[in-house]
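Remarks on the overall topology
So you can see what is in the structure, the chains are spelled out below.
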Amino acid sequence: MKFRLGREEEYTEIRRLWDQAFGSEEPWTSWYFSQHYRPERTWVGVEQGKIVAQAHLLPHRLMLRGALRRSVYFVGVCVEEKLRGTGIGRDLMGSALAELQRTGVGFSILQPRWPEFYRKLGWDYGYSRQRYELPLPEVRRRLPADRPKLDWRADERDCTVLMELYDSFVAGRHGYAARVQTDWKKLLADHRGEGGRVGVLYRAGQPVLYVLYQRLDHILRVRELVWRDPQWVDAVWEPLLAWGEMCGADTLTWDDPAGEPVSGLFPDSRREPFLMGRLTNLQTVLAAIAYPTEVAAGLHLRVEDPLAPWHQETFRWTIRQGKGILRSAPADDGPRLSLSIGALSQLVFGEYPARQILASGGAGNCREEDAVLLERIFPSCRNFISEYF
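Definitions and limits used
Residues numbered from 1 in each chain as written. Predicted model: local features only at pLDDT ≥ 70, side-chain atom pairs only at ≥ 80, totals over all residues. Heavy atoms only, no water. Helix = DSSP H or I, 4+ residues; strand = E, 2+ residues; numbered from the N terminus. Buried < 20%, exposed > 50% of the residue type's maximum accessible area, 1.4 Å probe, protein only. Contact = heavy atoms within 4.5 Å. Polar contact = N/O pair within 3.5 Å; in protein donor to acceptor, adjacent residues only side chain to side chain. Phe/Tyr/Trp six-rings, centres within 6.5 Å; stacked < 30°, edge-to-face > 60°. Salt bridge = Lys/Arg side-chain N within 4 Å of Asp/Glu carboxyl O. Pairing = 2+ DSSP bridges. Axes fitted to C-alpha atoms, helices over the stretch in contact; angles between N-to-C directions.

**Side note on the environment of arginine 140**
With respect to the element layout, arginine 140 can be found in helix α5 (residues 136-142). For arginine 140, a relative accessible area of 32% translates into the label partly exposed. In this view, arginine 140 contacts Glu238, Leu241, Ala242 and Glu245; residues no more than four positions away in its chain are not counted. Reaching out from arginine 140, the side chain makes a polar contact with the side chain of glutamate 245 at a distance of 3.1 Å.

**Concerning the packing of aromatic side chains**
Applying the stated criterion across every chain, the model contains 30 aromatic pairs. Ring geometry for tyrosine 11 versus phenylalanine 33: centroids 5.7 Å apart, planes at 90 degrees, classification edge-to-face. Of the two residues, tyrosine 11 is situated in helix α1 (residues 11-22) and phenylalanine 33 in helix α2 (residues 28-35); the sequence distance between them amounts to 22 residues. For tyrosine 11, a relative accessible area of 32% gives the class partly exposed. With relative accessibility at 5%, the residue phenylalanine 33 sits in the buried group.

**Section: the pattern of salt bridges**
Side chains that differ in charge, positive against negative, can pair when their charged atoms come close. A full pass over the atoms with the stated rule returns 31 salt bridges. Put simply, aspartate 19 and arginine 15 hold a salt bridge, and the shortest N to O gap is 3.1 Å. Linking aspartate 19 with arginine 15, this pair stays in helix α1, spanning four residues, or about one helical turn. Between arginine 157 and aspartate 155 there is a salt bridge, and its shortest N-O distance comes to 3.0 Å. Taken together, the salt bridges that share partners define one network made up of Arg129, Arg131, Glu133, Asp255, Arg270 and Glu272.

**A word on the sheet that holds strand β8 (residues 151-153)**
The mixed open sheet is built from seven strands, whose spatial order is β8-β9-β10-β11-β12-β7-β13. This sheet does not close on itself; its edge strands, each paired only once, are β8 and β13 (270-273). Strand-to-strand twist of the sheet, defined as the mean angle between neighbouring strand axes without regard to direction, takes the value 25 degrees. Against the sheet, helix α6 (residues 159-170) contacts β9 (197-203), β10 (206-216) and β11 (219-227), and its axis sits at roughly 100 degrees relative to β10. In the packing of helix α7 (residues 181-193) onto the sheet, the strands contacted are β9, β10 and β11, and the crossing angle to β10 comes to about 40 degrees.

Shape descriptors only; they carry no functional weight alone.
Shown next, in the form of structure tokens:
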């Protein structure tokens, strides 16, 4: 089996394998391949001249622990149906990681269809989201009588308004995807191509909230909701309801990656895992991220990684004045903390408290003093990501 990047002339084979694995959901699949697919960022497995496995490597930049790093979103990971269960999927992901490490990509994320498959390979959950769903009549019944009255623009076309609100929103958060103007243009073209709209609330002429929304069959779907202040959130439901009712929708859904109790309309919402994350090159990442300046520490770290042999060694990890240095150390150089790459990735992503991660089985030889230190090194964060590929 040979693994490499795709080629221009292999579009038909790559598309055939995608359709076999996921079905052809038109017009979405053709839209995805026209807007996001590129052969030079598609990792393929070739057997006897035929493509039998693939993973699309979509580029992003993630802000994690004060470091804005190149990252990849794995999409469309699949293997020829008759070859599933033979280990090709594992080899595909391992060789893709090696390519990302070679090209300097620090992180990878994915939305898992089979979480346990990816967990065995070193990915684990780094993001969660709050799931809201209510019938439209129930939303209307729960609307607070004293909700703020703001000016509503149903389909804003000024991209700079959205950019400013987004940048203000994510400034106090973690794990987000950095977006420049070209990212915004593509995101909005994608959204509007699916029939979506962009609503903005204004207060005294100043934008205070935007919402990306659309109707999918009978569902009024909130794709992304961003605010300057949470007090304005309940003002958006009335205009959304009016539009949804006019379009024939009967249910409102919102998958909120911020997961903050900003509206009283959804007391029965549930928290669910969203995206998995993984470090691609831990030496680079642990040297690039910012640490709490009050932490001064030195420890021996052994990393267990089923896919990345460049991680399978013992390191001397020194943290001083907000910076970290990772150097190779002899395997017998004193007591060491053993972490799986999944647990270490979760610590860096910061969605969950350190003790919760350590208690889930990703640590070996973890003494109480190690747990206390890791809590100080990796305080939990307010993660936010709204990218789906």
